[in-house]
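Take a look at the letters that make up each chain.
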Amino acid sequence: VPSRERRSGSRRSASIAAMALGDQEPVDLRSDTVTKPTQAMRQAMFDAPVGDDGWNGDMTVKELEAFAANLFDKEAGLFVPSGIMGNLICVMC
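Just so you know, the residues in each chain are numbered from 1, in the order the chain's sequence is written. With the structure being a predicted model, the display of local features is reserved for residues of pLDDT at least 70 and the display and counting of side-chain atom pairs for 80 or more, all residues being used for whole-chain, interface and lining totals. Calculation of side-chain values draws on the structure's entire complement of heavy atoms; hydrogens and water are dropped beforehand.

K.L.:
I'd love a proper account of unusual backbone geometry, names of residues and values included.
P.N.:
Located in the positive-phi region is Asp73, a residue other than glycine, with phi close to 55 degrees. Numbering goes from the N terminus for both helices and strands, where a helix is a DSSP run of H or I of at least four residues and a strand is a run of E of at least two. Turning to its location among the elements, Asp73 is positioned in the loop between α3 (59-71) and α4 (83-92). Residue classification places Asp73 among the exposed residues on the basis of a relative accessible area of 70%. Remark: exposure states derive from per-residue accessible area (1.4 Å probe, protein chains only) relative to the maximum for the residue type, with buried under 20%, exposed over 50%, and partly exposed in between.

K.L.:
Tell me about a nonpolar patch on the surface, residues and numbers included.
P.N.:
Grouping into patches uses exposed residues only, defined as over 30% relative accessible area, and leaves out salt-bridged ones; the cut-off is 9 Å for like charges and 5 Å for nonpolar side chains (Val, Leu, Ile, Met, Phe, Trp, Tyr). Residue burial considers only the protein chains on display, and all accessible areas are found by Shrake-Rupley using a 1.4 Å probe. Basic side-chain nitrogens of Lys or Arg form a salt bridge, by our definition, when they fall within 4 Å of a carboxyl oxygen of Asp or Glu. A surface patch of nonpolar side chains, about 550 Å² in accessible area, is lined by Leu64, Phe67, Leu71, Phe72 and Phe79. Tracing the backbone shows Leu71 in helix α3. The exposed category is assigned to Leu71, whose relative accessible area is 54%.

K.L.:
Go over the state of the cysteines with me, naming the residues and quoting the values.
P.N.:
Defined by distance alone, a disulfide is two cysteine sulfur atoms within 2.5 Å. With the rule as written, the count across this model stands at zero disulfides. Of all cysteine sulfurs in the structure, the one in Cys93 sits closest to Cys90, which takes part in no disulfide; the separation is 7.3 Å. With relative accessibility at 80%, the residue Cys93 sits in the exposed group.

Next comes the structure, spelled out in structure tokens:
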């Protein structure tokens, strides 16, 4: 049985997420098969500018990294395509 502190922390996290999302439905990112993209999401992907992230040329990735760095008050952010890759980088550094 979870402790009272853990349950209240979970509710607090849920309420913070609700405030951040406003009227938007949350997106479950546990797997690419859990949340299906809406037509608006598909259109946004279609309309997004495309660059080569391998050569530091993808503006969308640069914006995401800057947003994450600012959100967590860090000097820089790094996008990696999988959790496994992120974990491996952490272990190796």
